[in-house]
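Commentary on secondary and tertiary structure
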Amino acid sequence: MQLIEHISEISHPFKDAVVTIGNFDGVHKGHVALFRQVRDRADSLQGTAVAITFDPHPLVVVRPERRPPLITLREQKIELFTASGLLDILMVLPFDREFASIPAENFIRDFLIKTIGMKAIVIGPDYAFGRNREGNIHLLEKMGKELGFEVIVPGWITPDNMEDRISSTRIREVVGKGDVTAAVPMLGRYYQVRGEVETGRQRGGRLLGFPTANIRLQDELCPASGVYAVTVETPCGRHTGVANIGYSPTFDDNIFTVEVHILDFSENLYGQQIRINFVERLRGEKKFSGIEALSEQIQKDIIRAREIFHEKKLV
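Residues numbered from 1 in each chain as written. Predicted model: local features only at pLDDT ≥ 70, side-chain atom pairs only at ≥ 80, totals over all residues. Heavy atoms only, no water.

Side note on the packing of helix 5 (residues 104–115) against helix 6 (residues 137–147)
The packing of two helices is summarised by the inter-axis angle and the distance between the axes. As a packed pair, helix 5 and helix 6 sit with axes 11 Å apart at the nearest point and diverge in direction by 50°. Compared by their axis directions, helix 5 and helix 6 come out oblique. The hand of the helix 5/helix 6 crossing is right-handed. Facing helix 5, whose interface residues are Ala104, Glu105, Ile108, Arg109 and Ile113, helix 6 presents Leu139, Leu140, Lys142, Met143, Glu146 and Leu147. Residues of the contact of helix 5 with helix 6, tallied by class, amount to 7 nonpolar, no polar and 4 charged. (Axes fitted to C-alpha atoms, helices over the stretch in contact; angles between N-to-C directions. Helix = DSSP H or I, 4+ residues; strand = E, 2+ residues; numbered from the N terminus. Parallel < 35°, antiparallel > 145°, perpendicular 65-115°, else oblique. Left-handed = near helix turned anticlockwise from the far one by under 90°. Contact = heavy atoms within 4.5 Å. Nonpolar A, V, L, I, M, F, W, Y, C, P; charged D, E, K, R; others polar.)

Shown next as structure tokens:
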């Protein structure tokens, strides 16, 4: 897959381009279903499968008060597009007020047709682009008849055994409540945060007997406070662990932290980037009577986490 980060990198139109456009926050299973339709139509035309997205999220520019916490930041988003294996070209275009002011008709004629060489577009039922969101399905179908491109509008994707359709909004809701297991069938993977291991308050190993890696989060969307069974991707490989998110009420210091105790692990990770995948929520955050009671609960959390990893064949 070729990554294009500015329009100036496009020297000539792509062969029979089949395009999808969207924010694609989360790159969830609904998005991947769109990419698959793009791939299938491109193959039938012997053409090029193209996805176009924007950085930053358009709401950051046009309605910052309404911007959502992102499920996937730029780095992970590109990784997930690549991992789908369905696209030939990914465009991550800079979005600013000048770009936002482009009328949809101009964007279609000058960019999608002349620059990209679009022969078909696959678009979600509710997606719109261009100035004042004028680039809706009605306009695309009208201009498609005029300019000779096909408009494909797939239906909503619903996870197995679930009534709600897959949406980035729904994923944010369940992750924000700590229901990380509900996010899995929509994402097609465990929800992940990433960040750098930094020096914490040095209490995990010294006071409690369970050393933890404290994370300086990069991500905007963090699961609700509580304790979670997780897998941890480190420079030393993938491991299992128990993560705590919250304010450590037993110690009354009211400082928000994300820390993870990696099971059966003793390497030094300070300054290293790690990734935490949330498998299941074990419990909410709770204030204990003292260090001994907290330590006993952590041991119970670890036992339950090991059971979950065994059940899910993660060990």
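Text resumes after the structure shown.
Details of the pairing of strand 8 (residues 213–217)
Each regular strand displays side chains that alternate between the two surfaces of the sheet. Pairing of strand 7 (residues 191–198) with strand 8 involves 4 bridges; the strand directions are antiparallel. Across the sheet, Val197 pairs through a bridge with Ile215, a residue of strand 8. With 2 bridges joining them, strand 8 and strand 11 (residues 257–262) adopt antiparallel strand pairing. Following the sheet pairing, Ala213 is matched in strand 11 by Val260. (Pairing = 2+ DSSP bridges.)

As for helix 5
Listed as buried for helix 5 are Ala104, Phe107, Ile108, Phe111 and Leu112. Angular distribution of buried residues about the axis of helix 5 spans 120°; they occupy a single face of the element. Buried residues along helix 5 sit against strand 2 (17–21), strand 3 (48–55), strand 4 (89–94), helix 4 (97–100), strand 5 (118–122) and helix 6. (Buried < 20%, exposed > 50% of the residue type's maximum accessible area, 1.4 Å probe, protein only. Arc of directions from axis to C-beta.)

A closer look at the sheet that holds strand 1 (residues 2–4)
Read from one edge to the other, the open sheet built from 6 strands follows the order 1-4-3-2-5-6, with strand pairing classed as parallel. Each having just a single partner strand, strand 1 and strand 6 (150–152) make up the two edges of the open sheet. Strand-to-strand twist in this sheet, taken as the mean axis angle between neighbours without regard to direction, amounts to 25°.

So, the environment of Phe107
Looking at where Phe107 falls in the secondary structure, it is placed in helix 5. Sequence separation of Phe107 and Gly135 is 28 residues, and the distance between their C-alpha atoms is 8.7 Å. Those residues in contact with Phe107, other than ones at most four positions away along the chain, are Ile21, Phe99, Ile102, Leu112 and Phe129.

Quick look at the packing of aromatic side chains
Counting across every chain of the model gives 12 aromatic pairs. Between Tyr191 and Phe278, the aromatic rings sit 6.4 Å apart at their centres with planes inclined by 25°, giving stacked as the arrangement. Of this pair, Tyr191 sits in strand 7 while Phe278 sits in strand 12 (residues 273–283), and the two are 87 residues apart along the sequence. With respect to class, Tyr191 is no different from Phe278; both count as buried. An aromatic cluster of three or more residues is present, and its members are Phe54, Phe95, Phe99, Phe107, Phe111 and Phe129. (Phe/Tyr/Trp six-rings, centres within 6.5 Å; stacked < 30°, edge-to-face > 60°.)

Remarks on the nonpolar core
Membership of the largest hydrophobic core comes to 33 residues, with the highest contact counts inside it found for Ile21, Ile52, Met91, Leu112 and Phe129. Listed by contribution, the elements that provide at least two residues to this core are strand 2, strand 3, strand 4, helix 4, helix 5, strand 5 and helix 6. With 5 residues, helix 5 is the single largest residue contributor to this core. Ignoring anything within four residues of it in the chain, the contact list for Met91 reads Ile4, Ile10, Phe14, Val50, Ala51, Ile52, Thr53, Phe111 and Ile116. Judged by nonpolar contacts, the second largest core, of 30 residues, contains Val175, Met186, Leu221 and Val260. (Core = buried A, V, L, I, M, F, W, Y, C linked by side-chain atoms within 4.5 Å.)

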